Amino acid sequence: MDDLNRLRSKILDGIGAAADEAALEDIRVSAVGKKGEVALKMRELGRMTPEERQVAGPALNALKDEVNSAIAAKKAGLADSALDERLRTEWLDVTLPGRPRAQGSIHPVSQVSEEVSAIFADMGFSVAEGPQIETDFYNFDALNIPPHHPARQEFDTFYMHRDEGDDRAPHVLRTHTSPVQIRHMEKHGAPCRVIAPGRVYRSDYDQTHTPMFHQVEGLAIDKDLSMANLKWVLEEFFSAFFGIEVKTRFRASHFPFTEPSAEVDIQCSWVNGQLKIGEGDGWMEVLGSGMVHPKVLIAAGVDPDKWQGFAFGMGIDRIAMLKYGIPDLRAFFDSDLRWLRHYGFAALDVPTLHGGVSG
Ligand code: PHE
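First, a word on what this report is: a plain description of the structure on this page.

Thresholds applied
The numbers attached to residues start from 1 for each chain and follow its sequence in the written order. In keeping with the predicted nature of the model, local features appear solely for residues at pLDDT of at least 70, side-chain atom pairs appear and are counted solely at 80 or more, and the whole-chain, interface and lining totals rest on all residues. Derived side-chain values reflect all non-hydrogen atoms in the structure, with water molecules and hydrogen atoms excluded from consideration. Both site types are read off a 1 Å grid over the protein atoms alone. A 1.4 Å probe that fits but cannot get out defines a cavity, while an open set with protein on both sides within 12 Å along at least five of seven lines defines a pocket; lining residues have an atom within 4 Å of a point. Grid points are joined across faces, edges and corners, and a volume is the space filled by probe spheres set on the points. Elements are defined by DSSP. Helices are runs of H or I of four residues or more, strands are runs of E of two residues or more, and each kind is numbered from the N terminus. Classes in brief: Ala, Val, Leu, Ile, Met, Phe, Trp, Tyr, Cys and Pro nonpolar; Asp, Glu, Lys and Arg charged; the others, Gly included, polar. The aromatic pairing rule takes the rings of Phe, Tyr and Trp, using the six-membered ring of Trp, and pairs them if the centres are within 6.5 Å, calling planes under 30 degrees apart stacked, those over 60 edge-to-face and the rest tilted. For a lysine, the NZ atom is tested; for an arginine, the CZ atom; a charge sits over a ring if that atom is within 6 Å of the ring centre and within 35 degrees of the ring normal. We call a residue buried when its accessible area falls under 20% of the maximum for its residue type, exposed when it is over 50%, and partly exposed in between, using a 1.4 Å probe and counting protein chains only. Geometry is summarised by axes, namely lines fitted to C-alpha atoms with helices restricted to the contacting stretch, and by angles between N-to-C directions that run from 0 to 180 degrees. To sort the angles, those under 35 degrees are grouped as roughly parallel, those over 145 as roughly antiparallel, those from 65 to 115 as roughly perpendicular, and the leftovers as oblique. The criterion used for residue contact is that any of the two residues' heavy atoms lie within 4.5 Å. Near residues are defined by distance, with any heavy atom within 4 Å of the molecule or strand qualifying the residue. Each polar contact in these results corresponds to two N or O atoms within 3.5 Å; when the atoms are within protein, one needs to be able to donate a hydrogen and the other to accept it, and residues that are neighboring in sequence are counted only if both atoms are side-chain atoms. Using a 1.4 Å probe, accessible areas were evaluated by the Shrake-Rupley method; residue-level cover was limited to the displayed protein chains. Helix span, as expected, comes to 1.5 Å for every residue beyond the first. For this document, the term salt bridge refers to a Lys or Arg side-chain nitrogen within 4 Å of an Asp or Glu carboxyl oxygen.

## Re empty space enclosed by the protein
Okay, so step 1: Counted under the stated rule, the structure contains 1 cavity of 30 Å³ or more.
Okay, so step 2: Put simply, the largest cavity is a space of about 40 Å³.
Okay, so step 3: Along the walls of the largest cavity sit Ala128, Val180, Gln181, His184, Val194, Ile195, Ala196, Glu217, Gly218 and Leu219, which together make up its complete lining.
Okay, so step 4: For the lining of the largest cavity, the secondary structure elements donating two or more residues are α8 (179-188), β4 (192-201) and β5 (212-222).
Okay, so step 5: Split into classes, the residues belonging to the lining of the largest cavity amount to 6 nonpolar, 3 polar and 1 charged.

## Looking at the packing of aromatic side chains
Okay, so step 1: Taken as a whole and assessed by the stated rule, the structure comprises 13 aromatic pairs.
Okay, so step 2: Here the guanidinium or amino end of Lys223 rests over the ring plane of Trp307, the centre of that ring lying 4.4 Å away.
Okay, so step 3: Against the face of Phe241 rests Lys323, its NZ or CZ located 4.4 Å from the ring centre.

## So, unusual backbone geometry
Of all residues except glycine, most have a negative phi; of all peptide bonds, most are trans.
Okay, so step 1: Looking along the chain, the bond that leaves Ala190 and enters Pro191 is cis, with omega of -5°.
Okay, so step 2: Residue Pro260 follows Glu259 across a cis peptide bond; omega there is -5°.
Okay, so step 3: Along the chain, Pro260 falls in strand β7 (residues 258-271).
Okay, so step 4: In this structure, Asn144 takes a positive phi of about 65° despite not being glycine.
Okay, so step 5: For Asn144, the location among the structural elements is in the loop between α6 (136-139) and α7 (150-154).
Okay, so step 6: Not every positive phi belongs to a glycine, and His148 is a case in point at roughly 70°.
Okay, so step 7: Residue His148 is classed as exposed on the basis of its relative accessible area, which comes to 78%.

## Focus: the packing of helix α2 (residues 21-32) against helix α3 (residues 37-44)
Okay, so step 1: Here α2 crosses α3 at 5°, and the two axes come no closer than 3 Å. Classed by the angle they form, the pair α2 and α3 counts as roughly parallel. Between α2 and α3, the residues in contact are Ser30, Ala31 and Val32 and Glu37, Val38 and Ala39, respectively.

## Here we look at the site of the ligand
Okay, so step 1: Around the ligand there are 14 residues in total, and His176, Ser178, Arg202, Gln215 and Gly313 lie nearest to it.
Okay, so step 2: With respect to the ligand, the side chain of Ser178 contributes an N or O atom lying 2.9 Å from a nitrogen atom.
Okay, so step 3: Contact between the ligand and Arg202: an oxygen atom at 2.9 Å from a side-chain N or O atom of the residue.
Okay, so step 4: When the ligand sits alone it has 320 Å² of accessible area, and the protein chains cover 92% of it.

## Some points on helix α5 (residues 108-122)
Given 3.6 residues per helical turn, the α-helix brings residues three or four places apart onto the same face.
Okay, so step 1: Between its first and last C-alpha atoms α5 spans 21 Å; for 15 residues at 1.5 Å apiece the expected length is 21 Å, and the two agree.
Okay, so step 2: The set of residues buried in α5 consists of Pro108, Val109, Gln111, Val112, Ser113, Glu115, Val116, Ser117, Ile119 and Phe120.
Okay, so step 3: Looking one or two residues beyond α5, the residue adopting positive phi is Gly124, at roughly 90°.

## A closer look at the pattern of salt bridges
Okay, so step 1: The full count for this structure, using the stated rule, is 19 salt bridges.
Okay, so step 2: In this structure, the salt-bridge partner of Arg28 is Glu25, at a minimum N-O distance of 2.9 Å. Placement of both Arg28 and Glu25 in helix α2 is noted, with a separation of 3 residues, approximately one turn of the helix.
Okay, so step 3: Each of Arg249, Arg251, Glu263, Asp265 and Glu285 takes part in salt bridges that share partners, so that together they form one network.

As structure tokens, this is what we get:
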């Protein structure tokens, strides 16, 4: 019996001293587990006399029960103090002010591209895309600008580097969005009505020119489209975009890929150094346009005896500057945070058809 008492105090002391649930579990296994000390003692019962067994059996069972309930009690105690400890250390002062987070803004070019797309979508135009690295076929030849044509020089083209012996077609950074006309007609044929906004590149840099800028191309091909349709579409567009009725002026011009060709000005006034669109008797050039040249239709696989249409190319950065009063084009691409905060748009300024942004 002394034996049993010693075992009892050893186990109960151990339970009392257990620092966490893992230690407690170790004690449980070694004390009342299948091969634990109490189980070993129970095995000895077989070798006892019936009288001894009558005393030792119940004593062992009682010990087992006592150990189990001591463990359960200790376990509950440990859980309570673990919770107390968490409550003491993991508290949060909900009255503290939040941490400020830097907020980005939508670049005027992105905003205006969205506005332009929304307005043309309302007139039934969808958005087409093409690569920024183009072959000289799409950028020039297919647009009726053969090699050695003087127009190639006018574009200040960036040519891609070619290793000696490389006989792939020469590639350029596209100098305008017009190659998307060819790609679109090649793939989808006529009739069609698309715009193609995107980046273009020319080797030029001053207050009104950056080597990368943005254009939006327009292309409409059908059976009987004319310059009159072009003029209507553009006036609808500018009036929606500037939120005021805008007159356009067509000046005869020349592009190899349109015939006839016109440069288009919008009505504006300069009063005390302030530019106002849609009023006055001044004019501001905003785009090039014309009736798609038959050779361009042929190059794109469209029959010029059946189809005709108009195309135009407009500077997105240019009209963004006009609409939002941004003076220097170069700042568009400086990534100056102060500029972006000032001229940028909040993510929720959804472009609307009447061209305005709220707030
Ligand atoms: N691609 C011409 C340019 O970049 C603009 C243009 C497009 C003119 C379509 C006529 C027709 O200057």
